[in-house]
Protein chains: 2
Amino acid sequence: MEQKLDRLKALLTEVVDLRTAQAVLGWDQETLMPPGGALGRGYQLGTLAKIAHAKFTSDEVGQLLEDLGPLGKQFPPDSDEACLIKITLREYLKLKRVPSEYVEENTRVTSNAYSVWEKAKASSDFSMFRPELEKVVALRRQYASFFQPYVHVYDPLLDDFEPGLKTAEVKDIFNVLRPQQVALLHAIAGKPVPESKFLTASYPESTQIEFGKEVITRFGFDWQRGREDLTVHPFTTGFNTGDVRITTRVDSQRLEMAIFGTMHEAGHGMYEQGIDPTLNRTPLASGASMAIHESQSRLWENLVGRSRPFWVYFYPRLQQLFPSQLENISLDTFYRGINRVEPSLIRVNADEATYNLHIMLRLELEIALMEGSLAVKDLPSAWNSRVKEYLGLTPPDDANGVLQDVHWSQGYFGYFSTYALGNLVSAQIWEALSADIPDLEKDISQGEFRPILTWLREKIHRHGAKFEPQDLIRKVTGTGITPEPYMRYLTAKYSEIYHL
Amino acid sequence: MEQKLDRLKALLTEVVDLRTAQAVLGWDQETLMPPGGALGRGYQLGTLAKIAHAKFTSDEVGQLLEDLGPLGKQFPPDSDEACLIKITLREYLKLKRVPSEYVEENTRVTSNAYSVWEKAKASSDFSMFRPELEKVVALRRQYASFFQPYVHVYDPLLDDFEPGLKTAEVKDIFNVLRPQQVALLHAIAGKPVPESKFLTASYPESTQIEFGKEVITRFGFDWQRGREDLTVHPFTTGFNTGDVRITTRVDSQRLEMAIFGTMHEAGHGMYEQGIDPTLNRTPLASGASMAIHESQSRLWENLVGRSRPFWVYFYPRLQQLFPSQLENISLDTFYRGINRVEPSLIRVNADEATYNLHIMLRLELEIALMEGSLAVKDLPSAWNSRVKEYLGLTPPDDANGVLQDVHWSQGYFGYFSTYALGNLVSAQIWEALSADIPDLEKDISQGEFRPILTWLREKIHRHGAKFEPQDLIRKVTGTGITPEPYMRYLTAKYSEIYHL
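In this report, the structure presented in the accompanying data block is examined.

## Observations regarding the packing of aromatic side chains
Residue and element names in this part refer to chain A. Evaluated as defined, the whole model comprises 66 aromatic pairs over all chains. A centroid spacing of 4.8 Å and a plane angle of 65° characterise the contact between tryptophan 311 and phenylalanine 334, whose relative ring orientation is edge-to-face. With tryptophan 311 in helix 12 (residues 308-321) and phenylalanine 334 in helix 14 (residues 331-338), this pair connects stretches of sequence that are 23 residues apart. Phenylalanine 334 gets classed as buried once you look at its relative accessible area, which sits at 1%. By the ring-pair criterion, three or more aromatic residues cluster together here, those being Phe198, Phe211, Phe219, Phe260, Trp300, Phe310, Trp311, Tyr313, Phe314, Tyr315, Phe334 and Phe449. Above the face of the phenylalanine 147 ring, lysine 94 is positioned so that its terminal group lies 5.8 Å from the ring centre. Positioned above the aromatic ring of phenylalanine 260 is the side chain of arginine 306, whose terminal nitrogen or guanidinium carbon lies 3.9 Å from the ring centre.

Right, dumping it as structure tokens:
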């Protein structure tokens, strides 16, 4: 068995190396590649993906997994070996169900849908995007069909982003969450909006970047094993625990974007940096799921970065860097300003009180599209009526409505809910962490973040993708995903700020 | 046959895509990768190389080449098809002769030799490097043995860098060149050295970079299909004709390094950008050889960049950028300063009159090591006596002598001579180009470089690696590699500067 396991590991290192090469080429494409490189890069990524897929789904890998499956139970269930066999088998069986002709067609259709979406968004014309989206939706339904029998047609899609989680579970969670979020929003709506004009003064870009780097260095982002670059759409990619890249964006007229965006991506980055290095070159050397990943970014961005203790420590430094812009703004005014609640049309600009509502409406529409109860042609009106219902707003056009997100054009159905789940999990983790670190607020107000990172490393990061996300959350917090801690957090925070 | 050719092309696109991915990962490693990425990057590059090698040397590729070989003669000899079959077969047959165990051992030994060389150079201690170099030399001799029968043991090594060129040919060329270079140097040695102190003032780095970019933009380097970054050791890498990356280095105390280094790398870069895009994703989408590549970099760096007409155009701009440093330096003083001749110990700092002598001594030592007439232990003294003979200097230590170059530690025996051959070829090309462009000097003095680039594109660049380098040189200049044009160029230039 030892020999078979070694052989499996050897075959998987090749797959991981190829996937890592794809990640490096993808990172380069987003950050630095000159425009002329686009066509060739598409070919290179296609070839790497094809070879990695062929190697992963080879008969030899299949046979080894079959042989090791029952034998693997001899390892302790939490051991690297047992987890490797289990998680690899899970992915292998999923990949084997999808015919390669489907993968090729899906790549072609989504690649085209993406460029059409870009143009449709630019001219705010959903009708241009509609035929492409219809093809994408049909392909996603076909994808689900490869995984029959399922309880719900949306289950296989969700499983790609959140392994093991079922549609019914997400619905249950959101059904509890929705009325509470709406009630909180209504309570806040009656109160005066905190001052925030000072956040949109002129803030030199290089100083914003400098401040962001100071903050995440203090958090514990390791520059010997990472770097930061500028992109239009910020993201994080980890090639292994020794090389994790984050990107950020800066607006010289808006202070918030770079600061909170940088903390967000550093949260993702520190997760990848914290995985046990012994898992490198295995499929376990990544985050456990999108929701767990998002819980880490949100924890640093919001639970830490939008907290009062954080700014007790960092606000004097920020004032020092931007004296003319902030010298007359008190810490309290600043804190209330960055935590103001304003229902808005665009998800990525949403505050903590409204963000999840943006997600819920998307999830409902995705599910309806997959079930067939909503036709693509009726999507804009369904979108707009839900925006009105949840946020009290009316999109002036499709660019500020149904066309705002890239995800559907790329076939990413099942992705959105992980953003909201990540928010919920971040608060669950925060409650567990607060129980273990008695002086948490004091530490933060003194710029001492090591206890937090150490705790996250021990409880979450080091395990990589060893455990299914629901198991990991249960290990760490004692329950599955649940909305109560997040609502407790929001209610406490906004009660204080808005005197609810 | 059509079908077989299509199949061969399809298989080769995969190989090229994999090699391109290696190139991207290599570029990233040299320019941006954080230190922690090193170990993983080594694995990724190793995996990509192994898969590319296996795919290129597969039985199917071999069979297709065998079938297409005779049939390929139906294509016109200069057609893309005939060249693809010929050049691919050539590389295939070479790769098949080298056992994979040898490749693995060679990679391991040179990887270790490289790190030992770094330490040995830092402490200027050849005895530390000696055992590693002995292993490398033994492996290089073994490599040559795979290609028996050969006329000279050095032939197979040279062939890796300069396909088709024989040791006897290089010896013949250098035997003619050497006494002429030495005689020129002696003639110059009796004359006063031009003033050059002004080149080592304080020159802000960002302004140097700005000037370099202005120059190469004017040359025709295409930023839509390329970029420039900073590295300790400048290099150029082309992923395809749409994405060519150059790097440069800047010394805030020395003006020459960045200016001429940038022009040099842009010369390499414009070659890669100028290859016919229809050759992309084939093994023909690269330069024809190291010497041809170096001829392009040297042509722009020296024939253009160190010429008087070039500075007639660009010196006013340089003075504008560095007013306090250069306002009292005349164009003539500047021109003579950047063309001063000073025998020095370090190859990469050598001027045009002495550079080739650095190469010749290395070639002689390489050949002697391969023939077995020189033992590694006697290398330092052999080195020092040749430096004395050719340059009139005595290295104070090994770091400034036999340990200065990285090449041998990496097993690059056969590489050095292409630097000198590139110099010779640059002057051959320049004579041919001058005959076709009557107003060449006037064009240059007006900042008009399009006629040069257009000529190079038509005669050289677009062909990529379709032709063996000696054939290409003959097509372009009417002869094989010959030293006379280069000596004519040097003699004319230095006669004017030094009043010889």
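## Section: the relation of the copies chain A and chain B
With an axial shift of 0.0 Å and an RMSD of 0.0 Å, the rotation relating chain A to chain B amounts to 180°. Such a combination of rotation and displacement between the chain copies is what one expects of a two-fold axis. It is alanine 21 of chain A whose C-alpha, among those of chain A, lies nearest the rotation axis, at 3.5 Å.

## As for the sheet that holds strand 1 (residues 226-230) of chain A
Residues and elements named next belong to chain A. Strand order in the open sheet formed by three strands is 1-3-2, and the pairing between neighbours is mixed. For this open sheet the edge positions go to strand 1 and strand 2 (236-240), each flanked by a neighbour on one side alone. Looking at each pair of strands side by side, their axes are set apart by 20° on average, direction ignored. Relative to strand 3 (residues 243-248), strand 2 runs antiparallel, the two sharing four bridges. From the neighbouring strand, threonine 236 faces strand 3, where its bridge partner is isoleucine 246.

## Re the sheet that holds strand 3 (residues 243-248) of chain B
All names here are of chain B. Strand order in this open sheet of three strands is 1-3-2, and the pairing throughout is mixed. The open sheet has two free edges, formed respectively by strand 1 (226-230) and strand 2 (236-240), since each of these has just one partner strand. Shown here is a sheet whose adjacent strand axes are inclined to one another by a mean of 20°, direction ignored. Each of strand 1, strand 2 and strand 3 touches helix 1 (residues 2-31); the most contacted strand, strand 2, lies at about 145° to it.

## Structural notes on the interface of chain A and chain B
Contacts between chain A and chain B engage 35 residues on the former and 35 residues on the latter. Buried area between chain A and chain B, summed over both chains or domains, comes out near 2,700 Å², and the portion from carbon and sulfur atoms is 60%. Per-residue buried area on chain A facing chain B is highest for Leu32, Pro34 and Gln44 of chain A; these three make up 17% of the total on that side. The interface formed by chain A and chain B includes six salt bridges. In this structure, arginine 245 of chain A engages aspartate 28 of chain B in a salt bridge whose closest nitrogen and oxygen atoms are separated by 2.7 Å. Viewed at the interface, chain B and chain A are joined by 12 residue pairs in polar contact (both at pLDDT 80 or more). When contributions to the side of chain A that touches chain B are tallied by element, the ones reaching two or more residues are helix 1 (2-31), helix 2 (38-56), strand 1, strand 2 and strand 3 of chain A. Its residues assigned to classes, the side of chain A that touches chain B comprises 14 nonpolar, 10 polar and 11 charged.

## Here's the deal with the side chain of aspartate 398 of chain B
All names here are of chain B. Tracing the sequence through the fold places aspartate 398 in the loop between helix 16 (379-391) and helix 17 (417-436). Of the buried charged residues, aspartate 398 lacks a salt bridge, with arginine 130 as the closest side chain of opposite charge at 11 Å. From its side chain, aspartate 398 meets the backbone nitrogen of phenylalanine 126 in a polar contact 3.2 Å long. Among residues more than four places away in sequence, those in contact with aspartate 398 are Ser124, Asp125, Phe126, Pro380, Leu403 and Gln404.

## Considerations on the pairing of strand 1 of chain B
Residue and element names in this part refer to chain B. A large share of strand 1 lies buried, amounting to four of its five residues. In this structure, strand 1 lies alongside strand 3, joined through five bridges in parallel fashion. Directly across from leucine 230, in strand 3, lies its bridge partner threonine 248.

## Overview of the pairing of strand 3 of chain B
Residues and elements named next belong to chain B. The element strand 3 is extensively covered by neighbouring structure, given that six of its six residues are classed as buried. Going residue by residue along strand 3, you find Asp243, Arg245 and Thr247 tucked away on one face and Val244, Ile246 and Thr248 tucked away on the opposite face as well. Following strand 2, the chain reverses through two residues before pairing antiparallel with strand 3.

## Digging into the pattern of salt bridges
All names here are of chain A. For the structure on display, the rule yields 78 salt bridges over all chains. The residue arginine 130 makes a salt bridge to glutamate 134 at a minimum N-O spacing of 2.9 Å. Separated by four residues within a single helix, arginine 130 and glutamate 134 lie in helix 6 (residues 126-145), roughly one turn from each other. We classify arginine 130 as partly exposed; its relative accessible area is 33%. With a relative accessible area of 32%, glutamate 134 lands in the partly exposed category.

The rules behind these values
- Residues numbered from 1 in each chain as written.
- Chains lettered and ligands numbered in written order.
- Predicted model: local features only at pLDDT ≥ 70, side-chain atom pairs only at ≥ 80, totals over all residues.
- Heavy atoms only, no water.
- Phe/Tyr/Trp six-rings, centres within 6.5 Å; stacked < 30°, edge-to-face > 60°.
- Helix = DSSP H or I, 4+ residues; strand = E, 2+ residues; numbered from the N terminus.
- Buried < 20%, exposed > 50% of the residue type's maximum accessible area, 1.4 Å probe, protein only.
- Lys NZ or Arg CZ within 6 Å of the ring centre and 35° of its normal.
- Least-squares fit on C-alpha atoms with pLDDT ≥ 70 in both.
- Pairing = 2+ DSSP bridges.
- Axes fitted to C-alpha atoms, helices over the stretch in contact; angles between N-to-C directions.
- Contact = heavy atoms within 4.5 Å.
- Buried area = accessible area lost by both parts, 1.4 Å probe.
- Salt bridge = Lys/Arg side-chain N within 4 Å of Asp/Glu carboxyl O.
- Polar contact = N/O pair within 3.5 Å; in protein donor to acceptor, adjacent residues only side chain to side chain.
- Nonpolar A, V, L, I, M, F, W, Y, C, P; charged D, E, K, R; others polar.
- Lys, Arg positive; Asp, Glu negative; His and termini not counted.

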